[in-house]
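Residue-level listing of the chains:
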Amino acid sequence: EKKIFSIYGHYPVVRAALRRKGWVEKKFHFLPKVIPDVEDEGAGVADVTCGKVKENQEMALEKTDDIHNVMSRLVKNEMPYLLWTIKRDAIDYHSLTCDQMLNHYAKTASFTTKIGLCVNMRSLPWYVPANPDSFFPRCYSLCTESEQQEFLEDFRRTMASSILKWVVSHQSCSRSGRSKPRGRREEAGNSDLSSRQDAENAEAKLRGLPGQLVDIACKVCQAYLGQLEHEDIDTSADAAEDLTEAEWEDLTQQYYSLIQGTLGSSIVLCIFKIQKGMMSFGPPTARDRQCQALLNQITSVNPQTDIDGFRNIWIIKPAAKSRGRGESPDIVCMDRVEEILELAATDHPLPRDNKWVVQKYIETPLLIYDTKFDIRQWFLVTDWNPLTIWFYKESYLRFSTQRFSLDKLDSAIHLCNNAVQKHLKNDVGRSPLLPAHNMWTSAKFQEYLQRQGRGAVWGSVIYPSMKKAIIHAMKVAQDHVEPRKNSFELYGADFVLGRDFRPWLIEINSSPTMHPSTPVTAQLCAQVQEDTIKVAVDRSCDVGNFELLWRQPVVELPPFSGSDLCVAGVSVRTARRQVLPACNLKASALLLDTQPLEAQGPSAMPDPAQGSPRPALQRDLGLKEEKGHPLALLAPLRGLPESSGAPQPTRTKAAGKVELPACPCRHVDSQAPSTDVPEAQPTKHWDPNQLNAHPPAPVPQSLKTVEGALRPPPGGKGGGTDCSHLPDHGHRMPRTP
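None of the values given here were measured: they were computed from a predicted structure.

K.L.:
Residues and numbers for the overall build of the chain, please.
P.N.:
Regarding its fold elements, the chain presents 22 helices and 16 strands. Counting all 737 residues of the chain, 48% fall into the buried class. Of the roughly 38,400 Å² that the chain leaves accessible, carbon and sulfur atoms contribute 53%.

K.L.:
Tell me about the pairing of strand β3 (residues 82-85), residues and numbers included.
P.N.:
Burial of β3 is two-sided: the residues L82 and W84 facing one way and the residues L83 and T85 facing the other way are all buried. Alignment of strand β1 (residues 4-8) against β3, held across four bridges, turns out to be parallel. Bridging from a neighbouring strand, I7 pairs with W84 of β3. With two bridges connecting them, β3 and strand β4 (residues 101-102) associate as parallel partners. In the strand pairing of β4, L82 is matched with M101.

K.L.:
I'd like a description of the environment of R499, backed by residues and values.
P.N.:
As for its position among the elements, R499 is in the loop between β12 (489-497) and β13 (503-510). A relative accessible area of 36% places R499 in the partly exposed class. Distance from R499 to L366, taken between C-alpha atoms, is 4.3 Å for residues 133 residues apart in sequence. Here the side chain of R499 touches D306 through a polar contact of 2.7 Å, side chain to side chain.

K.L.:
Outline the environment of T144, supporting the account with residue identities and numerical values.
P.N.:
Here T144 lies in the loop between β5 (139-141) and α6 (145-179). On a C-alpha basis, the gap between T144 and A344 in space is 9.7 Å, while along the polypeptide they are 200 residues apart.

K.L.:
Before we move on, can you summarise the sheet that holds strand β2 (residues 24-25) with the specific residues and values?
P.N.:
The strands that make up a sheet pair up through hydrogen bonds in the backbone, lying either parallel or antiparallel. Here four strands make up an open sheet; going across it, the order is β2-β1-β3-β4 and the pairing parallel. Both outer strands of the open sheet, β2 and β4, are each paired with one neighbouring strand and no more.

K.L.:
Residue-level account of the sheet that holds β5, with values.
P.N.:
If you trace the four strands from one edge of the open sheet to the other, you get β5-β8-β6-β7, paired in antiparallel fashion. The two strands at the open ends of the sheet, each matched to only one other strand, are β5 and β7 (332-334). When the angles between neighbouring strand axes are averaged without regard to direction, this sheet yields 25°. Here β5 pairs with strand β8 (residues 356-360) via three bridges, running antiparallel. Paired with S141 across the strands is V357, a residue of β8. Lying over the sheet, helix α14 (residues 337-346) contacts β6 (314-318), β7 and β8, oriented at roughly 140° with respect to β7.

K.L.:
So what about the side chain of Q478? Which residues, and what values?
P.N.:
Mapping Q478 onto the fold places it in the loop between α18 (457-477) and β12. A polar atom in the side chain of Q478 sits 2.8 Å from the backbone oxygen of W384. Beyond its immediate sequence surroundings of up to four residues, Q478 is in contact with W384, L387 and Q552.

K.L.:
Give me the lowdown on the nonpolar core, citing residues and values where you can.
P.N.:
Ranked by size, the top nonpolar core spans 51 residues in total, and within it F379, F445, M474 and L505 carry the most contacts. When residues of this core are assigned to their parent elements, the largest contribution, 12 residues, is made by α18.

K.L.:
I'd love a proper account of the packing of helix α1 (residues 12-20) against helix α19 (residues 519-538), names of residues and values included.
P.N.:
Close contact between α1 and α19 brings their axes to 9 Å; oriented N to C, the two are set at 40°. Regarding the angle of α1 to α19, the classification is oblique. Like other packed secondary-structure pairs, α1 and α19 cross with a definite hand, here right-handed. Contact with α1, carried on its side by V13, V14, A17, L18 and R20, involves A526, Q529, E530 and I533 of α19 and no other residues of that element. The residue makeup of the contact of α1 with α19, split by class, is six nonpolar, one polar and two charged.

K.L.:
Requested: an account of α19, with residues and values cited.
P.N.:
The terminal C-alpha atoms of α19 lie 28 Å apart, and with 20 residues this matches the ideal 28 Å at 1.5 Å per residue to within 8%. What α19 keeps buried is the set V520, T521, L524, C525, V528, Q529, D531, T532, I533, V535, A536 and V537. Phi for R539, located one or two positions after α19, is positive at around 55°.

K.L.:
Report on the side chain of N509, specifying residues and quantitative values.
P.N.:
Counting through the fold element by element, N509 comes out in strand β13. With relative accessibility at 0%, the residue N509 sits in the buried group. Looking at N509, its side chain comes within polar contact range of the side chain of D494, at 3.4 Å.

K.L.:
Summarise the packing of aromatic side chains; cite the residues concerned and give the values.
P.N.:
In the structure shown here, the tally under the stated rule is 23 aromatic pairs. Between Y255 and Y256, the aromatic rings sit 6.1 Å apart at their centres with planes inclined by 50°, giving tilted as the arrangement. Of the residues examined, Y256 reaches a relative accessible area of 3% and is grouped as buried. Consider the rings of W440 and Y448, whose centres lie 5.8 Å apart with planes at 50°: the pair is tilted. Y448 shares its class with W440; the two are buried. Clustering of aromatic rings is evident, with ring pairs tying together Y369, F373, F391, F399, W440, F445, Y448, W458 and Y463. Here R336 stacks its cationic end above the ring of Y256, 4.2 Å away from the centre of that ring.

K.L.:
Summarise unusual backbone geometry; cite the residues concerned and give the values.
P.N.:
Glycine aside, residues mostly have negative phi, and peptide bonds are mostly found in the trans state. Residues N385 and P386 are joined by a peptide bond in cis, for which omega reads 5°. With respect to the secondary-structure elements, P386 resides in the loop between β9 (373-384) and β10 (387-399). The backbone of D370 shows a phi angle near 60°, a positive value even though the residue is not glycine. Summarising the element assignment, D370 is placed in the loop between β8 and β9. Judged by its relative accessible area of 38%, D370 falls in the partly exposed class.

K.L.:
Tell me what's going on with the pattern of salt bridges, and back it up with residues and numbers.
P.N.:
Under the definition given, this model contains 25 salt bridges. Residue R499 pairs with D306 through a salt bridge whose shortest N-O separation is 2.7 Å. You can see R499 sitting in the loop between β12 and β13 and its partner D306 sitting in helix α13 (residues 305-308), a full 193 residues away along the chain. For D531, the salt bridge is made with K534, and the minimal N-O distance between the two is 3.7 Å. Highlighted residues: D531 and K534, both in helix α19, separated by three residues, approximately one helical turn. Counted as one network, the salt bridges with shared partners bring together D374, R376, R398 and D494.

K.L.:
Kindly report on the confidence of the model for the chain, identifying the contributing residues and their values.
P.N.:
In this model, the chain carries an average pLDDT of 73, and 59% of its residues clear a pLDDT of 70 or more. β12 holds the highest mean pLDDT among the elements of the chain, 97, whereas helix α7 (residues 182-188) holds the lowest, 41. The model gives residues 585-592 a pLDDT under 50, and that stretch makes 19 contacts with residues more than four places away or in other chains.

K.L.:
Describe the pairing of β10, listing the residues and the values that go with them.
P.N.:
Consecutive residues of a regular strand have side chains that alternate between opposite faces of the sheet. The element β10 is extensively covered by neighbouring structure, given that 11 of its 13 residues are classed as buried. Where β9 and β10 come together, 10 bridges link them in antiparallel fashion. Residue D374 lies in a different strand from β10, and its bridge partner there is R398. What sits between β9 and β10 in their antiparallel hairpin is a turn of two residues. The pairing of β10 with strand β14 (residues 546-551) spans five bridges and is antiparallel. Opposite I389, over in β14, you have W550 as the bridge partner.

Analysis parameters
- Residues numbered from 1 in each chain as written.
- Predicted model: local features only at pLDDT ≥ 70, side-chain atom pairs only at ≥ 80, totals over all residues.
- Heavy atoms only, no water.
- Helix = DSSP H or I, 4+ residues; strand = E, 2+ residues; numbered from the N terminus.
- Buried < 20%, exposed > 50% of the residue type's maximum accessible area, 1.4 Å probe, protein only.
- Areas by Shrake-Rupley, 256 points an atom, 1.4 Å probe, with all protein chains shown as cover.
- Pairing = 2+ DSSP bridges.
- Polar contact = N/O pair within 3.5 Å; in protein donor to acceptor, adjacent residues only side chain to side chain.
- Axes fitted to C-alpha atoms, helices over the stretch in contact; angles between N-to-C directions.
- Contact = heavy atoms within 4.5 Å.
- Core = buried A, V, L, I, M, F, W, Y, C linked by side-chain atoms within 4.5 Å.
- Parallel < 35°, antiparallel > 145°, perpendicular 65-115°, else oblique.
- Left-handed = near helix turned anticlockwise from the far one by under 90°.
- Nonpolar A, V, L, I, M, F, W, Y, C, P; charged D, E, K, R; others polar.
- Expected span 1.5 Å × (residues − 1).
- Phe/Tyr/Trp six-rings, centres within 6.5 Å; stacked < 30°, edge-to-face > 60°.
- Lys NZ or Arg CZ within 6 Å of the ring centre and 35° of its normal.
- Salt bridge = Lys/Arg side-chain N within 4 Å of Asp/Glu carboxyl O.
- pLDDT = per-residue confidence, 0-100.

Here it is, written out as structure tokens:
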């Protein structure tokens with residue numbers, strides 16, 4: 001019952017696990033196109049590209065009669081209900097039905113690409129009360145001028161703070177050789193001799209250090225702290241005491257000669273000895289106190305001060321590519337700002353391409369036997385609405401093949417990706433305690449911490465901090481991902497630990513490698529795939545090594561009780577269209593019978609002997625007669641006046657137009673008796689002579705008859721008037737606009 005699956009990719013563990021659970025595979029008897037891997041940053045996807053093609057070719061030509069192939073041929077025309085692919089683009093995502101499961105989501109570039117994670121992490125404070133700089137090294141895109149300018153300002157601020165660190169550390173080194181107790185110096189032996197040499201070198205370097213360099217660095221750091229406190233909000237751009245480009249260039253060159261010169265490695269060694277107790281601090285000077293005070297303030301507002309180190313090293317990565325392959329490595333480390341900007345301007349990428357991103361390199365990582373490592377951590381998302389995240393309890397460490405050093409910016413030293421390290425041989429000077437295959441399980445790492453006396457760090461700092469970083473990253477990306485039901489996806493996050501054991505999120509990869517390249521991955525990768533099936537496909541209580549990390553709470557609606565509601569009242573009927581009162585009179589009959597025109601002068605009186613006065617009156621009223629239709633006069637009706645005097649039509653002085661009296665009429669539904677006007681019959685016509693006996697109601701002065709107010713009655717061809725449908729004399733109709 002709906003237990004048909006299809007696999008595109010090298011997933012023998014998934015295939016075997018589903019077959020054991022009663023699933024039948026519908027094999028691909030065609031060769032899908034090979035999708036270029038642009039999202040997976042781990043090793044394994046491109047490594048098995050040739051294997052994927054070869055496997056599909058073998059499956060297409062396979063004609064053995066084992067039970068699985070027989071069952072596969074039986075369901076060749078059936079729809080698979082589980083699709084497990086190496087890439088989401090391997091199938092038509094939008095053609096799937098709601099019953100089909102897929103191991104990918106759409107639109108995940110907001111966190112599975114370097115540029116997406118770089119941009120979206122800046123929006124984290126809008127989603128959760130957290131600072132992204134506390135777990136994600138600051139990052140910039142080099143594809144826009146605004147981002148390049150922000151990176152340049154960051155580089156200069158880091159350079160100024162590095163100068164202050166250098167001064168404080170060298171002052172300590174120069175004093176520590178003289179302040180160490182005599183007994184400890186005798187016990188130290190040769191190490192004490194090297195310490196005195198480092199102290200002498202540091203003291204000589206400090207004597208030649210220009211005081212202006214330190215003063216400018218202090219000025220830059222103070223300006224940075226003032227900006228954070230908005231002290232420059234009322235300062236105009238002209239009044240701001242910023243350094244000119246020439247001054248910045250001079251400061252940068254002095255910084256290069258100071259930090260990146262021959263003494264750059266000795267200062268790092270000096271700090272290392274101080275941390276190990278081989279050297280001690282002496283009494284600080286006034287300059288030390290000033291620089292240390294500024295550094296303390298910067299550390300309080302910038303949680304990345306410790307990982308910045310002294311060398312101001314940045315790592316440049318392709319924005320949406322996977323790993324560094326080709327003639328030259330794509331991921332490089334640089335410590336000169338002009339070289340970084342030159343690299344970004346070389347290819348002239350379009351802004352929409354976002355080809356390069358630059359991220360602050362962690363210069364003070366936690367080392368194991370003087371070797372750098374990173375952690376690959378898996379997590380599973382089974383729903384985006386509500387957001388549901390599962391965290392895997394097991395992870396593994398990946399070591400570099402070379403000993404860690406900042407003197408060389410080689411990728412073999414600073415990149416722990418298996419795609420880079422698998423082509424290199426282990427350094428002969430590396431500790432033999434490290435495995436030859438360069439991987440540890442997290443359990444092995446916890447044993448190492450236990451031997452170092454830091455066994456509680458994993459459960460109190462490292463593990464919960466990685467959980468928190470994953471939750472924050474997924475909350476920011478939730479609005480960008482297409483939340484398809486019946487989908488799930490396994491992701492791989494890479495972390496680097498600082499020397500204080502805090503994990504720093506580097507990147508998140510979709511389609512993490514499951515290739516058993518080492519004994520560690522052969523065990524863990526198989527286990528995580530089987531546990532993924534338990535959680536996402538079986539949906540049983542057995543979730544393996546997964547633990548529920550976050551399930552978004554469902555928004556509770558207010559209580560609603562529909563049974564207590566009732567409807568009171570009457571139904572609403574559609575109101576009939578109001579019929580405007582219209583008295584259809586022949587203009588000639590109406591105007592001939594209006595005696596008050598005599599008061600206007602002899603010229604206004606009609607003369608029967610001269611014929612019909614219609615043309616003259618029409619010109620006087622400003623009306624146009626339509627041939628064959630009587631004129632309709634629209635006016636509100638009033639009750640008849642009690643006086644027997646006839647209403648007097650008036651002439652407007654401004655317009656010179658005659659105001660005609662309204663026609664007296666009565667609504668047929670009215671029950672009130674009317675003795676003034678007899679009830680009109682539909683078959684009778686108005687007699688012009690009856691107007692003298694029954695004078696019409698006067699028209700108020702506020703109502704004026706204008707051109708266009710007279711229109712023919714609907715359907716009326718004769719000269720009679722039907723007023724049976726009009727309201728009673730006592731009712732007043734609304735004025736027409």
